[in-house]
Amino acid sequence: MKRIKIKELLASPEIESDVLVKGWVRTKRGNKNIAFIALNDGSTINNIQVVADTAKFDENLLKDITTGSCLSVSGKLIESQGQGQNIEIHAESIELYGKSDAETYPLQKKGHSMEFLREIAHLRPRTNTFGAVFRIRHAIAFAIHKYFNDKGFFYLHTPIITGSNAEGAGELFHVTTMDLANIPHNKDGSVDFNNDFFGKPANLTVSGQLEGELGALALSDIYTFGPTFRAENSNTPRHLAEFWMVEPEMAFYDNNDNMDLAEDFVKYLIRYALENCKDDLDFLNSIIDKGLLERLNFVLGNEFIRMTYTDAIKILIDSGKKWEYPISWGKDLQAEHERYLVEEHFKKPVILTDYPKDIKAFYMKQNDDGKTVRAMDVLFPGIGEIIGGSQREENYDALLSRIKELNLPEKDLWWYLETRKFGTAPHSGFGLGFERMIIFITGIPNIRDVIPFPRTPKNAEF
Ligand code: 4AD
Ligand code: MG
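First, a word on what this report is: a plain description of the structure on this page. Bear in mind the structure is a predicted one, so any value in this text is a computation, not a measurement.

**Focus on the environment of His-185**
- By secondary structure assignment, the location of His-185 is in the loop between β7 (161–162) and β8 (203–204).
- In contact with His-185, not counting residues within four places along its chain, are Ser-190, Val-191 and Asp-192.
- One polar contact links the side chain of His-185 to the main-chain carbonyl oxygen of Ile-183, over a distance of 3.0 Å.

**Things to note about the pattern of salt bridges**
- Applying the stated criterion to the full structure yields 26 salt bridges.
- Of the charged contacts in the structure, one is a salt bridge between Asp-64 and Lys-99, with a shortest N-O distance of 3.8 Å. Taken together, the residues Asp-64 in helix α2 (residues 59–64) and Lys-99 in the loop between β5 (87–98) and α3 (114–119) connect sequence positions 35 residues apart.
- With a relative accessible area of 61%, Lys-99 lands in the exposed category.
- A salt bridge links Glu-263 to Lys-267, with the shortest nitrogen-to-oxygen separation between them at 2.8 Å.

**Section: the sheet that holds strand β14 (residues 384–391)**
- Pairing is mixed across the open sheet formed by eight strands, whose spatial order is β6-β9-β10-β15-β14-β13-β12-β11. Because the sheet does not close on itself, it has two edges, and the strands there are β6 (154–155) and β11 (305–308).
- With six bridges joining them, strand β12 (residues 350–356) and strand β13 (residues 372–380) adopt antiparallel strand pairing. Paired with Leu-352 across the bridge in β13 is Asp-377.
- Along the sheet face, helix α5 (residues 209–219) touches β6, β9 (221–229), β10 (242–251) and β15 (427–433) and points at about 30° away from the line of β10.
- Strands β10, β11, β12, β13, β14 and β15 of the sheet are contacted by helix α6 (residues 255–276), whose axis makes an angle of about 30° with β15.

**Quick notes on α6**
- Across its 22 residues, α6 extends 31 Å between first and last C-alpha, which sits within 8% of the 32 Å expected from 1.5 Å per residue.
- Taking the backbone nitrogen of Asn-256 as reference, a side-chain oxygen 2.9 Å away marks Asp-254 as the first, capping residue of α6.

**Re the sheet that holds strand β1 (residues 18–30)**
- The five strands lie next to each other as β1-β2-β3-β5-β4, forming a closed barrel whose pairing is mixed. Averaged over all pairs of adjacent strands, the angle between strand axes in this sheet comes to 55°, irrespective of strand direction.
- As judged from the six bridges shared by strand β2 (residues 34–40) and strand β3 (residues 48–53), these two strands associate in the antiparallel manner. Bridging across to β3, Ile-34 finds its partner in Asp-53.

**Comments concerning the nonpolar core**
- Residues Ile-144, Leu-281 and Phe-380 are the most contacted members of the largest nonpolar core, which totals 66 residues.
- It is helix α4 (residues 128–150) that contributes the most residues to this core, 12 residues altogether.
- Setting aside residues no more than four positions away along its own chain, Ile-144 makes contact with Tyr-223, Phe-225, Val-246, Phe-265, Leu-269 and Phe-434.

**Details of the site of ligand 1**
- Near ligand 1 you find 24 residues, and of these Glu-167, Gln-209, Arg-230, Glu-247 and Glu-385 are the closest.
- Leu-240 places a main-chain nitrogen or oxygen 3.0 Å from a nitrogen atom of ligand 1.
- Between ligand 1 and the protein, one listed contact pairs an oxygen atom with a backbone N or O atom of Gly-433 at 3.3 Å.
- Taken by itself ligand 1 offers 630 Å² of open surface, and the protein chains cover 93% of this.

About the cut-offs
- Residues numbered from 1 in each chain as written.
- Chains lettered and ligands numbered in written order.
- Predicted model: local features only at pLDDT ≥ 70, side-chain atom pairs only at ≥ 80, totals over all residues.
- Heavy atoms only, no water.
- Helix = DSSP H or I, 4+ residues; strand = E, 2+ residues; numbered from the N terminus.
- Contact = heavy atoms within 4.5 Å.
- Polar contact = N/O pair within 3.5 Å; in protein donor to acceptor, adjacent residues only side chain to side chain.
- Salt bridge = Lys/Arg side-chain N within 4 Å of Asp/Glu carboxyl O.
- Buried < 20%, exposed > 50% of the residue type's maximum accessible area, 1.4 Å probe, protein only.
- Pairing = 2+ DSSP bridges.
- Axes fitted to C-alpha atoms, helices over the stretch in contact; angles between N-to-C directions.
- Expected span 1.5 Å × (residues − 1).
- Core = buried A, V, L, I, M, F, W, Y, C linked by side-chain atoms within 4.5 Å.
- Near = heavy atom within 4 Å.
- Areas by Shrake-Rupley, 256 points an atom, 1.4 Å probe, with all protein chains shown as cover.

So this is what it looks like as structure tokens:
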């Protein structure tokens, strides 16, 4: 007999048919005569109830069926008389694949704190909450590919190891095969990379954007979707050292087209979740965050506010609020400022544009005022910045002078500059933090709990 997944079984049950299911025991209860086993195989948040007549089974086998153990069960599908389920399986044979010591199995019926579950990340996917989160994470990853594929975008695989630093920040993970106890130096004291694997300094990418631009200037519309790495020492519920980013890049888009795409894209992902992840979202709405579904529908039903950074600064100053980080024109917004605008002032997602050039990356299109660049950040309730993007500087001279002004390594960016020499074009793009989107869609408050194995300062376990 072929195994059937529990999701499929519950969706289209054929009463009186013989079925074979496999999964992990969530609970077992019963009495001398009968045992009720709730079995889950991760295909859905819902369990199937297995009913075992104790007279039919070896007493020791039944004793060994405890929470966490793994079973293969065949039997007849029956309409259930009990409460809480419509169907159940009357077991005819049970094979115990793996016992689970009841004394030491850490996932007992009582609820556990998210902090504790993080320490057992190898087992936490077996909880209802993490099962729901990882199924939703999968669905959204799939929806991202579907969205862009349907729009004629090409998935471009940008490198993980690179010699460049797209964001111009210092937060790089170096990649080397040098013996760390014995690093060769040049006469002037600098590290000699000549004999290193790549013959020059290399690092894990902080963003696929620069290579993405090369793709857009040939294929028109591309996106990358992959892991990115930042060694920033930010111990916050919104930062990971390894996170996934979705980065579309579009030739012939200005920053308004860019914002239109960003808004349409995130709304599509939310709608996709509401339509395809109903059971998991209902569960999260009841257990994690009672306002979740309402918030998702609210964002879908409202146009995002669009305003300049300069106007936003006025609002923040006029609010008269006491900020932990005092704000004035020229300063970068902190999460408290972003969240004030979104959660208190506008009570809607906000897209801020035209930031001061000194707080944004070198590649952004410079405005005529000489002070600001055509950036756009999308700010979300409960999160703050969820998307960062811009129109790109396509003018060779303007780009080169900005690179020089910032003392960036011009010779390492020769290939980037060349695209502005040969058939340059106006173009734009943005990066969506995938885990931040999953935080928003699941209502899970901490980013460490929406990625299977989080990497944060001092933590690379599993
Ligand atoms: O604003 P960022 O730094 O923009 C870029 O990297 C651009 N190259 C994107 C582009 O235009 N193609 O990062 C983009 C998004 C942020 O808005 C945030 O959602 C997420 O990536 N992000 C992080 N998510 C988790 N942990 C971190 N440490 C993150 N840093 C950025
Ligand atoms: Mg940003």
